[in-house]
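# What the coordinates show
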Amino acid sequence: MKQDNISLPEIWLMVLIIALPQLSETVYTPSLPDIAKSLLISHAVVEYTLTIFLFGLALGTLFWGKLSDKFGRKPALLSGLVIYSIGCVGCYFSTTITMLLISRFIAAFGGSTGSVLGQVICRDAFQGSDRGRVFSIIGSSLALAPALGPIIGGIIAQYFGWSAIFLFLILVSILTLVLVVNRLPETYTPTHFSLQIIKQTMLKMLFDCKVLGFGLMVALCNGISFSYFAEGSF
């Protein structure tokens, strides 16, 4: 299936790519008390694993978009997924809070490519009413994935222990990598990379009241949900 000479990505695959980092953020939260007990740390310290994940997502958001503009969407997405997988492996084998924090950061930095490039790929490939339909589906998945995370993680931890949650994420990341390699078309032709355009866009956004308003709304909602996921299991 093609539109304007671009092969269209499958929507279910885009939902998987975009939802993966959202799922990863919350899937292990039911096990925070068990992790604290296993690693002999306080509840407050183990909650830093959520904070550092959000920090990694924020930094990755700034990085992967630029990289994909220079080298293409698919190579950047594959690179991010590989880094995400490495981070999840580190989480699975973590025996100290330091190792877990570093691994969570690596996973978040790599996984943020899904949040960024999943939406960018849809913007590249779909036009008009089709774009609106696709983004409505994506918006629903972004809302649903964090809610499903604790349910899935709670079931896994109950029967297999908290480290098995990260084994689950490793398997999901490998599956996503295979699907991206075999089923995701490249939707963008790399062009000359211009920092000037990025700077102009950033300045325009910083002084746009609507952008700032919506940004504050999103920040407030994320803050409320973050507080729940951090404290709910305790």
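Figured I'd write up the structure that's included with this text. (Residues numbered from 1 in each chain as written. Predicted model: local features only at pLDDT ≥ 70, side-chain atom pairs only at ≥ 80, totals over all residues. Heavy atoms only, no water.)

## Some details on the overall build of the protein chain
From N to C terminus, the protein chain includes 10 helices and 2 strands. Going from the N terminus to the C terminus, the protein chain shows its helices and strands as β-β-α-α-α-α-α-α-α-α-α-α. In terms of its C-alpha atoms, the protein chain occupies a principal-axis envelope of roughly 55 × 40 × 30 Å. Each of the 234 residues in the protein chain was classed as buried or not, and the buried ones make up 43%. Sequence separation of at least 24 residues holds for 82% of the intrachain contacts in the protein chain that already meet a minimum separation of 6. Carbon and sulfur atoms make up 70% of the accessible area of the protein chain, which amounts to about 12300 Å² in all. (Helix = DSSP H or I, 4+ residues; strand = E, 2+ residues; numbered from the N terminus. Buried < 20%, exposed > 50% of the residue type's maximum accessible area, 1.4 Å probe, protein only. Contact = heavy atoms within 4.5 Å. Areas by Shrake-Rupley, 256 points an atom, 1.4 Å probe, with all protein chains shown as cover.)

## Here's the deal with the layout of surface pockets
By volume, the largest pocket is sized at about 980 Å³. Lining the largest pocket are 26 residues, and of these A58, T61, G215, V218 and N222 sit closest to its centre. Breaking the lining of the largest pocket down by element, the ones donating at least two residues are α1 (11-26), α4 (48-71), α6 (97-125), α7 (128-160), α9 (195-206) and α10 (209-231). Here the lining of the largest pocket gets 7 residues from one element, more than from any other, and that element is α10. Class assignment of the residues belonging to the lining of the largest pocket gives a composition of 15 nonpolar, 10 polar and 1 charged. (1 Å grid on protein atoms, 1.4 Å probe; cavity = no way out; pocket = protein on both sides within 12 Å on 5 of 7 lines; lining within 4 Å. Points joined across faces, edges and corners; volume = space filled by probe spheres on them. Nonpolar A, V, L, I, M, F, W, Y, C, P; charged D, E, K, R; others polar.)

## Regarding the nonpolar core
Among the nonpolar cores identified, the biggest contains 50 residues, and I17, Y28, I35, L77, L100, F166 and L184 are the most heavily contacted of them. Broken down by secondary-structure element, the contributors of at least two residues to this core are α1, α2 (32-39), α4, α5 (73-92), α6, α7 and α8 (163-183). Sorting elements by how many residues they give to this core places α6 first, with 11 residues. Once residues lying within four places of it in the same chain are set aside, the contact partners of L77 are I17, T113, G114, L117, I121, V180 and L184. (Core = buried A, V, L, I, M, F, W, Y, C linked by side-chain atoms within 4.5 Å.)

## Let's talk about the packing of aromatic side chains
This structure, assessed with the given rule, holds 9 aromatic pairs. An angle of 50 degrees between the planes, with centres 5.8 Å apart, marks the rings of W64 and F109 as tilted. Placement of the pair is W64 in helix α4 and F109 in helix α6, with a sequence separation of 45 residues. Per residue, the accessibility class of W64 equals that of F109, and both read buried. Above the plane of the ring of Y188 lies R73, whose end atom (NZ or CZ) is 3.9 Å from the centre. (Phe/Tyr/Trp six-rings, centres within 6.5 Å; stacked < 30°, edge-to-face > 60°. Lys NZ or Arg CZ within 6 Å of the ring centre and 35° of its normal.)

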